[in-house]
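Structural characterization, general
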Amino acid sequence: MYAQMVKSTGKSVKSRDEMSAKEARFQDRIDAGEKIEPKDWMPEGYRKTLIRQIGQHAHSEIVGQLPEGNWITRAPSLARKAILIAKVQDEAGHGLYLYCAAETLGVSRDELTEALHDGRMKYSSIFNYPTLTWADIGAIGWLVDGAAIMNQVPLQRCSFGPYSRAMIRICKEESFHQRQGFDIMMKMVNGTEAQRAMAQDALNRFWYPSLMMFGPSDKDSVHSAQSMAWKIKMNTNDELRRKFVDQTAPQAEYLGLTIPDKNLKWNDKKGGYDFSEPDWEEFFEVLRGNGPMNKERLGARVKAWDEGAWVREGLMANAEKRTARMAAE
Ligand code: BYC
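Presented here is a report on the structure given in the accompanying data block. As the structure is a computational prediction, the values presented were derived from the model and not from experiment.

**Examining the packing of helix H5 (residues 78-103) against helix H7 (residues 134-155)**
Two elements in contact, H5 and H7, have axes whose closest approach is 13 Å; the angle formed by their N-to-C orientations is 45°. Accordingly, the angle class assigned to the pair H5 and H7 is oblique. Where H5 crosses over H7, the handedness of that crossing is left-handed. Touching Arg80, Leu84, Lys87 and Glu91 of H5 are Trp134, Ile137 and Asp145, all from H7. Across the contact of H5 with H7, the residue classes tally to three nonpolar, no polar and four charged.

**Remarks on the site of the ligand**
Taken together, 35 residues lie around the ligand, and Lys122, Ser221, Val222, His223 and Lys233 are the ones closest in. A distance of 2.4 Å separates an oxygen atom of the ligand from a polar side-chain atom of Lys122. Between the ligand and Met212 there is a distance of 3.2 Å, counted from a nitrogen atom to a backbone nitrogen or oxygen. Notes on the ligand: free accessible area 1,000 Å², of which the protein chains cover 91%.

**Side note on a nonpolar patch on the surface**
On the surface, Trp310, Val311 and Leu315 cluster together into a nonpolar patch covering about 360 Å² of accessible area. Relative to the helices and strands, Leu315 resides in helix H14 (residues 309-328). Since its relative accessible area comes to 55%, Leu315 is described here as exposed.

**Some words on the packing of aromatic side chains**
Per the stated rule, a full pass over the model turns up eleven aromatic pairs. Taken together, the aromatic side chains of Phe26, Trp41, Tyr46 and Trp230 make up a single cluster linked through ring pairs. Its end group placed over the ring of Trp71, Arg74 keeps NZ or CZ at 4.0 Å from the ring centre. Between the NZ or CZ atom of Arg312 and the centre of the ring of Trp305, over which it lies, the distance is 3.5 Å.

**Some details on the state of the cysteines**
Inspection of every chain in the model, using the stated rule, returns zero disulfides. Cys100 forms no disulfide, and the closest cysteine sulfur to it belongs to Cys158, at a distance of 16 Å. Relative accessible area serves as the criterion here: at 39%, Cys100 is assigned to the partly exposed category. The cysteine Cys158 is free of any disulfide, with Cys171 supplying the nearest cysteine sulfur at 11 Å.

**Some thoughts on the pattern of salt bridges**
In this structure the tally under the stated criterion is 20 salt bridges. Put simply, Arg29 and Asp40 hold a salt bridge, and the shortest N to O gap is 3.2 Å. A residue pair is termed long-range when its members are at least 10 positions apart, and Arg29 in helix H2 (residues 21-31) and Asp40 in the loop between H2 and helix H3 (44-63) qualify at eleven residues. Judged by relative accessible area, which is 25%, Asp40 ranks as partly exposed. One connected set of salt bridges, linked through shared partners, spans Glu68, Lys87, Glu91 and Asp145.

Cut-offs and rules
- Residues numbered from 1 in each chain as written.
- Predicted model: local features only at pLDDT ≥ 70, side-chain atom pairs only at ≥ 80, totals over all residues.
- Heavy atoms only, no water.
- Axes fitted to C-alpha atoms, helices over the stretch in contact; angles between N-to-C directions.
- Helix = DSSP H or I, 4+ residues; strand = E, 2+ residues; numbered from the N terminus.
- Parallel < 35°, antiparallel > 145°, perpendicular 65-115°, else oblique.
- Left-handed = near helix turned anticlockwise from the far one by under 90°.
- Contact = heavy atoms within 4.5 Å.
- Nonpolar A, V, L, I, M, F, W, Y, C, P; charged D, E, K, R; others polar.
- Near = heavy atom within 4 Å.
- Polar contact = N/O pair within 3.5 Å; in protein donor to acceptor, adjacent residues only side chain to side chain.
- Areas by Shrake-Rupley, 256 points an atom, 1.4 Å probe, with all protein chains shown as cover.
- Patch = residues over 30% accessible without salt bridge, like charges linked within 9 Å, V, L, I, M, F, W, Y side chains within 5 Å.
- Salt bridge = Lys/Arg side-chain N within 4 Å of Asp/Glu carboxyl O.
- Buried < 20%, exposed > 50% of the residue type's maximum accessible area, 1.4 Å probe, protein only.
- Phe/Tyr/Trp six-rings, centres within 6.5 Å; stacked < 30°, edge-to-face > 60°.
- Lys NZ or Arg CZ within 6 Å of the ring centre and 35° of its normal.
- Disulfide = S-S within 2.5 Å.

Structure (structure tokens):
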């Protein structure tokens, strides 16, 4: 069932001549900036692409709790612990809004979860890297949430109503996440030599995985062309990656940290930074399930799902009883 829902739409984009009258009217609505709502007619490919993207986005929020959750018991102060708990809870909330948005397209949360667990669906590559020190929590907030904001702010204007509205709420919370990460980094760089070194080490390890969050380079992106025509994506992967580097390089300088890229250099002519591409072989290996933490991350999700079966069964039994009682009244 799920496989039919998300089958790739491929690299090509239908020309106007190839569209049916219905498809052309739909494209006109998109081009005019109208929002598409769940009960509106939509091409199957549009629906499948949205289910794939929103579902994977939801999974990323949920799996994304794991690397940071790992540090809740070891946060260096009560205040830092409270902030981190709030952030991790926010990520759970983001996952839930996004599953709800996907459900409006006719797929259930259980189906999406099963597809994640048996490897048919992905989650963001970034969460397959370990969080080794407290500075990693700073780097995640600063870089990972920073990259997420760069990607998600334009998605507030995407064509599908429930997704764009979920993005508005999520972006507000992501801004706080990014600030708290930068604040941790500020504390670390103004601390002891060992803390500064820890901050630099976290930047060294998270820089390229953060650049990978934007997806493969434009020439290798399978879905960008069609997704942009449908305004499911508002920018190409490389455009957002460049904007992220332009925003983050001065922040690293302010922190007194060095981005681990010898080619990083301001280019006056293009009005942006030159920088090195991530190692795309590593990216595709992580996508194939061979990153440093893929097995642990997926294992943790499957375990939580299996161990929570009794809660779901109990809730369903209660809901069925209540429905039967209401029907009898
Ligand atoms: N990781 O054709 P392309 C967060 C896949 S969570 C894994 O360019 P598309 C946060 C892609 O799915 C951040 N897979 O794809 C949470 C496709 O494979 P399939 C999550 C990736 O969809 C907690 C294939 O590669 N944000 O913010 O046009 C704590 C070809 O790529 C990745 C979102 O999900 C990757 N990095 O573009 C802190 C945002 N990149 O599906 C923070 C919404 C690509 O055909 N999503 N792939 O098997 C998007 O904007 C787009 O889906 C992407 C990829 C830019 C990610």
